[in-house]
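Examining the three-dimensional arrangement
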Amino acid sequence: MTSNAGRRNIEAIYPLSPMQEGMLFHSLYAPDSGVYVEQLGCTLLGDLDVPAFERAWQRVVDRHSILRTSFLWKRLDRTLQVVQRQVRLSVAQEDWRGVSPAEQEARLEDFLQADRRRGFDLARPPLIRLTLLRTADEAFRFVWSHHHAIMDGWSLPLLLKEVLACYEAFHQGRDLYLPPPRPYREYIAWLQRQDAAQAEAYWRGALQGITAPTPLVVDGAYPRQGYAEEKGHLSAEVTAQLLMLARQRRLTLSTLVQGAWALLLGRYSGEEDVVLGATVSGRPPELPGVETMVGLFINTLPVRVHLPAEQPVGEWLEGLQAQLVEMRQYEHIALSQVQGWSAIPRNQPMFESILVFENYPVDRALREQKG
């Protein structure tokens, strides 16, 4: 049972977003898998003021309710997220200065794997961990781990910018005022105001006639199970050309990439009507201050693309972008609900490939930060 002191420390209780519910389910289903444990690492050079660094992170936790959030599901009809008024965050430290660089790298790999397997107790905030691994007198490997259910990639540079600003002030013996952030619960309230019937009508119409996922095969060579990794980079010249094309046709770069992937799916599958998965930012533009909110907004949804035999590619891409803009009004719906409104059976996936186009708001000052 929760003590009186514990109840007094509760700031807010509210439901989960659809993506949070999905992540929580998978985390509980496979608690030792490290699924949805996110890790960000970097090297910090210089004479780090560790107390100021720890104080900066605590200030950020104090500011953002999602960093003081945990989840409750036992003996409840509905899973809830609970925000604590106060949560203490500490920075763990290890000293590796007496170890060779090669051994440090081996230790780091072991540490990251163990940290991922450790996971998080989702009922106990904070769902973030900070570790400083000292590798030299003026060098640290910093590891920031968190559970994906409390924030998305868009949130990371927002938090880091605040941490760096607070650290600089505290290191210089100053305090720092930052305007109060918009809390994540405003997004949950926005979700509850949306018209479910209108969303259902949209998705039923968008997926009408689709009865199976578009197969992802290349000459039948790819196995149906297993994982592999392939990395590629576009040159600066190719990237500039793509950006120029997008500006000329008034397209987003994301539309260009989704169009290219849809064409590949069509060529390899032999189908003229394809479905791919797309991860969307999920931040509704009509919600004030949403671009600066810290929390989990992303969603993964099906995108149906018609590939007409004869149509200028520019016109086709413009039509695809108009389709994606319309979809934005209904991208908050859970994938499980969308599948229920389609003719694809529940025992089949809605898509066999997912396209993630990441475009985070990394501030120029953050990119140029040294230290």
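Quick caveat: nothing in here was measured; it's all calculated off a predicted structure. (Residues numbered from 1 in each chain as written. Predicted model: local features only at pLDDT ≥ 70, side-chain atom pairs only at ≥ 80, totals over all residues. Heavy atoms only, no water.)

So, about the packing of helix α9 (residues 253-269) against helix α10 (residues 313-327). Put simply, α9 and α10 touch, their axes get as near as 10 Å, and they point 110 degrees apart. Between α9 and α10, the angle falls in the class roughly perpendicular. In this structure, α9 meets α10 at a crossing whose hand is right-handed. In this structure, α9 contributes T255, L256, Q258, G259 and L263 to the contact, and α10 contributes W316, L317, L320, Q321 and L324. Across the contact of α9 with α10, the residue classes tally to six nonpolar, four polar and no charged. (Axes fitted to C-alpha atoms, helices over the stretch in contact; angles between N-to-C directions. Helix = DSSP H or I, 4+ residues; strand = E, 2+ residues; numbered from the N terminus. Parallel < 35°, antiparallel > 145°, perpendicular 65-115°, else oblique. Left-handed = near helix turned anticlockwise from the far one by under 90°. Contact = heavy atoms within 4.5 Å. Nonpolar A, V, L, I, M, F, W, Y, C, P; charged D, E, K, R; others polar.)

This part covers the confidence of the model for the chain. For any part of a model where pLDDT is low, the fine detail of the predicted coordinates should not be relied upon. Looking at the chain as a whole, the pLDDT averages 91, with 93% of positions reaching at least 70. Per-element mean pLDDT across the chain ranges from 51 in helix α12 (residues 364-367) up to 98 in helix α3 (residues 50-63). (pLDDT = per-residue confidence, 0-100.)

Attention now goes to the pairing of strand β4 (residues 80-84). Here β4 lies mainly inside the structure; four of its five residues are buried. As paired elements, strand β3 (residues 69-72) and β4 share four bridges and run antiparallel to each other. When the sheet's bridge partners are listed, F71 is paired in β4 with Q81. (Buried < 20%, exposed > 50% of the residue type's maximum accessible area, 1.4 Å probe, protein only. Pairing = 2+ DSSP bridges.)

What follows concerns the sheet that holds strand β7 (residues 139-147). By way of backbone hydrogen bonds, the strands of a sheet pair with one another, either parallel or antiparallel. The mixed open sheet is built from four strands, whose spatial order is β2-β7-β6-β5. The strands lining the two open edges of the sheet, one partner per strand, are β2 (37-45) and β5 (91-95). Neighbour-to-neighbour, the strand axes of this sheet turn through a mean angle of 20 degrees, independent of strand direction. As paired elements, strand β6 (residues 128-136) and β7 share eight bridges and run antiparallel to each other. Among the inter-strand pairings, L132 is bridged to a residue of β7, identified as F142.

For E38, the position within the fold is in strand β2. Non-local contacts of E38, meaning those with residues more than four positions away in its chain, are made with W144, S145, H146 and H148.

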